[in-house]
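A structural walkthrough
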Amino acid sequence: MSPFLAVGFGLYVLNMLVGLAAQFRLGHFGIWHHGLYLVVFICAVLAMVFAREWWLLLTVGCLALFPKARPRTWLHPTLGMVGLVGYLLAVRG
């Protein structure tokens, strides 16, 4: 597995866990969650380009739509799970 893919996948999962903790009101992460989102987005694009993992187009597309998905709506976790599928397909590849 490419280091770009491994780091991107790890950060994606970490951001999902932070988002889940925020969803269940286990903490207030605010700026940290959004800062991590930016890093996750950049890592996903880098992994897609340098590792040539085209399944990550699905993940990058979902990440690009996140600013339109308000927290605590059905779209926010749905985008997170569909983006995870993109990473899982790339890791499997």
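Residues numbered from 1 in each chain as written. Predicted model: local features only at pLDDT ≥ 70, side-chain atom pairs only at ≥ 80, totals over all residues. Heavy atoms only, no water.

**Some points on the overall build of the protein**
Each helix and strand counted, the protein has four helices and zero strands in total. Seen in sequence order, the protein has helices and strands lined up from the N terminus as α-α-α-α. If you line up the protein on its principal axes, its C-alpha atoms span 35 × 20 × 20 Å. Taking all 93 residues of the protein together, 37% fall into the buried category. Long-range pairs, those at least 24 residues apart, make up 61% of the contacts in the protein between residues at least 6 apart in sequence. Surface summary for the protein: the accessible area is close to 6,000 Å², and the carbon and sulfur share equals 75%. (Helix = DSSP H or I, 4+ residues; strand = E, 2+ residues; numbered from the N terminus. Buried < 20%, exposed > 50% of the residue type's maximum accessible area, 1.4 Å probe, protein only. Contact = heavy atoms within 4.5 Å. Areas by Shrake-Rupley, 256 points an atom, 1.4 Å probe, with all protein chains shown as cover.)

**Describing helix H3 (residues 56-65)**
Side chains of residues three or four places apart in an α-helix project in the same direction, reflecting 3.6 residues per turn. Leu56, Thr59, Val60, Cys62 and Leu63 are the residues of H3 that are buried. In an axial view of H3, the angular spread of the buried residues amounts to 160°, which keeps them on one side of the axis. Residues of H3 that are buried in the fold lie against helix H1 (3-23), helix H2 (30-50) and helix H4 (75-92). (Arc of directions from axis to C-beta.)

**Things to note about the environment of Gly61**
On the secondary structure map, Gly61 appears in helix H3. Classification of Gly61 by relative accessible area gives partly exposed; the value is 31%.

**Describing the nonpolar core**
The biggest cluster of nonpolar side chains holds 21 residues, and the ones touching the most others in it are Tyr12, Val40, Leu56, Leu63 and Tyr87. Counting only elements with at least two residues in this core, the list comes to H1, H2, H3 and H4. Of the residues forming this core, the biggest block, six residues, is contributed by H2. (Core = buried A, V, L, I, M, F, W, Y, C linked by side-chain atoms within 4.5 Å.)

**Some words on a nonpolar patch on the surface**
Where nonpolar side chains cluster on the molecular surface, the patch consists of Phe4, Leu38, Ile42, Leu46, Val49 and Phe50 and spans about 540 Å² of accessible area. If you tally residues by element for the nonpolar patch, the top one is H2, at five residues. (Patch = residues over 30% accessible without salt bridge, like charges linked within 9 Å, V, L, I, M, F, W, Y side chains within 5 Å. Salt bridge = Lys/Arg side-chain N within 4 Å of Asp/Glu carboxyl O.)

**Details of the layout of surface pockets**
Once rolled over the atoms, a probe with the size of a water molecule shows which space is left empty. In this model, the largest pocket occupies a volume close to 760 Å³. In terms of lining, the largest pocket is formed by 25 residues, of which the most central are Gly19, His33, Phe66, Pro71 and His76. Put simply, the parts of the chain that give the lining of the largest pocket at least two residues each are H1, H2 and H4. At seven residues, H1 tops the list of elements feeding residues into the lining of the largest pocket. Partitioned by chemical class, the residues of the lining of the largest pocket number 13 nonpolar, ten polar and two charged. (1 Å grid on protein atoms, 1.4 Å probe; cavity = no way out; pocket = protein on both sides within 12 Å on 5 of 7 lines; lining within 4 Å. Points joined across faces, edges and corners; volume = space filled by probe spheres on them. Nonpolar A, V, L, I, M, F, W, Y, C, P; charged D, E, K, R; others polar.)

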